[in-house]
Amino acid sequence: MSRVKIAPSILSADFTRLGDDIREAEAAGAEWIHVDVMDGHFVPNITIGPLVAAAARRAARGVIDVHLMIEQPERYVAAFAEAGADILTVHVEATRHLHRTVQQIRELGMRAGVTLNPATPAVALAEILPYVDLVLVMSVNPGFGGQSYIPTSTAKVAAIRRMLDERGLSEVELEVDGGITPETAGAVVSAGATALVAGSAVYNTRATVAENVARLRAAIDAAP
């Protein structure tokens, strides 16, 4: 199996020093930078838009991984392509014409991801899996950072891993977002995840970004 990616979420970063926080995470070994976009409608919070995604792109050397937690995401696909997103992920619950939106993302040169809220069953992905580059499993209810991992998410990750493998889609990334810490990372990786989003586990006052990324990496590497 290829190396599991660590994707620090800038939602938990210090926005007065965003470029530095991004560069510190990458210097510590983080492969992706995760950008959480919320509209106050699909989720109960408002965060950032294409301008901040573009700023992250200027600061980062690696992959910019944008997660749209917004209604009608198809309206903003072009704006995030222009901002420099490498991966653009939309919710199956947020767009009526998911296949069309995924097609639009790919036509604009980005990798296309789809994501599920915790209460949405894995079977909701059945028809779209052959057309995506990434599946994101939300292991908390989206909207706010710092929440605790929902334990039933592990079985859901394992179920989606089986779905991908049975269809010969092992190259599709399986990302998990929510409550990822050194204590939860191992089980998620063992279930089949290939990328982990971590916000408050990377950006906090308890340790440096480098120390926090190193702890996550150690937990990932120790997973059976």
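This report concerns the structure included in the present document. (Residues numbered from 1 in each chain as written. Predicted model: local features only at pLDDT ≥ 70, side-chain atom pairs only at ≥ 80, totals over all residues. Heavy atoms only, no water.)

Before going further, it helps to examine the overall build of the chain. When its secondary structure is counted, the chain shows 7 helices and 8 strands. Here the chain has a C-alpha radius of gyration of 16 Å; the compact-globule value for 224 residues is 17 Å, and the two agree. Based on the C-alpha atoms only, the size of the chain along its principal axes is roughly 45 × 40 × 30 Å. When the 224 residues of the chain are sorted by exposure, 56% land in the buried category. The contacts of the chain with a sequence gap of at least 6 include a subset with a gap of at least 24, amounting to 65%. Surface exposure of the chain reaches about 9,700 Å², of which carbon and sulfur atoms provide 53%. (Helix = DSSP H or I, 4+ residues; strand = E, 2+ residues; numbered from the N terminus. Rg over C-alpha atoms; globule rule 2.2 N^0.38 Å. Buried < 20%, exposed > 50% of the residue type's maximum accessible area, 1.4 Å probe, protein only. Contact = heavy atoms within 4.5 Å. Areas by Shrake-Rupley, 256 points an atom, 1.4 Å probe, with all protein chains shown as cover.)

Next up on the list: the pairing of strand 2 (residues 32–38). Among the 7 residues that make up strand 2, 7 are buried, leaving the element largely enclosed by the rest of the structure. Both faces of strand 2 are covered, namely the face carrying Trp32, His34, Asp36 and Met38 and the face carrying Ile33, Val35 and Val37. Strand direction decides the pairing type here: strand 2 and strand 3 (residues 63–69), joined by 7 bridges, are parallel. By the bridge assignment, Val37 is partnered in strand 3 with Leu68. Following the chain from strand 2 across helix 2 (residues 50–59) to the adjacent parallel strand 3, one finds a crossover that is right-handed. (Pairing = 2+ DSSP bridges. Right-handed = clockwise from strand over helix to strand, strands pointing away.)

Our next topic: the pattern of salt bridges. Throughout the structure, instances matching the rule amount to 10 salt bridges. Here Asp21 and Arg17 are joined by a salt bridge, their closest N and O atoms 2.2 Å apart. Two residues, Arg17 and Glu24, come together in a salt bridge whose shortest N-O distance is 2.7 Å. Where salt bridges share partners, they join Arg3, Glu31 and Arg217 into one cluster. (Salt bridge = Lys/Arg side-chain N within 4 Å of Asp/Glu carboxyl O.)

Okay, the environment of Ala155 next. Mapping Ala155 onto the fold places it in helix 5 (residues 153–166). In the structure, Ala155 is positioned 66 residues away from Thr89 in sequence and 22 Å away in space, judged by C-alpha atoms.

Structurally, Asn117 can be placed in the loop between strand 5 (111–116) and strand 6 (134–138). Relative accessible area serves as the criterion here: at 16%, Asn117 is assigned to the buried category. Among residues more than four places away in sequence, those in contact with Asn117 are Phe42, His91, Glu93, Met138, Pro142 and Lys156.

Residues Leu125, Ile160 and Leu196 are the most contacted members of the largest nonpolar core, which totals 69 residues. Beyond its immediate stretch of four places on either side in the chain, Leu125 contacts Val92, Val114, Leu116, Val135, Ile160 and Met163. In terms of nonpolar packing, the next biggest core, distinct from the first, is built from 10 residues, Ile87, Leu136, Ala195 and Val197 among them. (Core = buried A, V, L, I, M, F, W, Y, C linked by side-chain atoms within 4.5 Å.)

The subject of this paragraph is helix 2. When we look at burial in helix 2, the residues that qualify are Ala53, Ala54, Ala56 and Ala59. As for helix 2, its buried residues are in contact with helix 1 (18–27), strand 2, strand 3 and helix 3 (77–83).

The next point concerns unusual backbone geometry. If you check the backbone angles, Gln72 has positive phi at about 45° while not being a glycine. Along the chain, the position of Gln72 falls in the loop between strand 3 and helix 3. Residue Gln72 is classed as partly exposed on the basis of its relative accessible area, which comes to 42%.

The subject of this paragraph is helix 5. Here helix 5 is 14 residues long and its end C-alpha atoms lie 20 Å apart, about the 20 Å a rise of 1.5 Å per residue gives. Among all positions of helix 5, only Ser153, Lys156, Val157, Ala158, Ala159, Ile160, Arg161, Met163 and Leu164 are buried. Close packing links the buried residues of helix 5 with strand 5, strand 6, strand 7 (173–177) and helix 6 (182–191). One or two steps after helix 5, the chain reaches Gly168, where phi turns positive at roughly 70°. (Expected span 1.5 Å × (residues − 1).)

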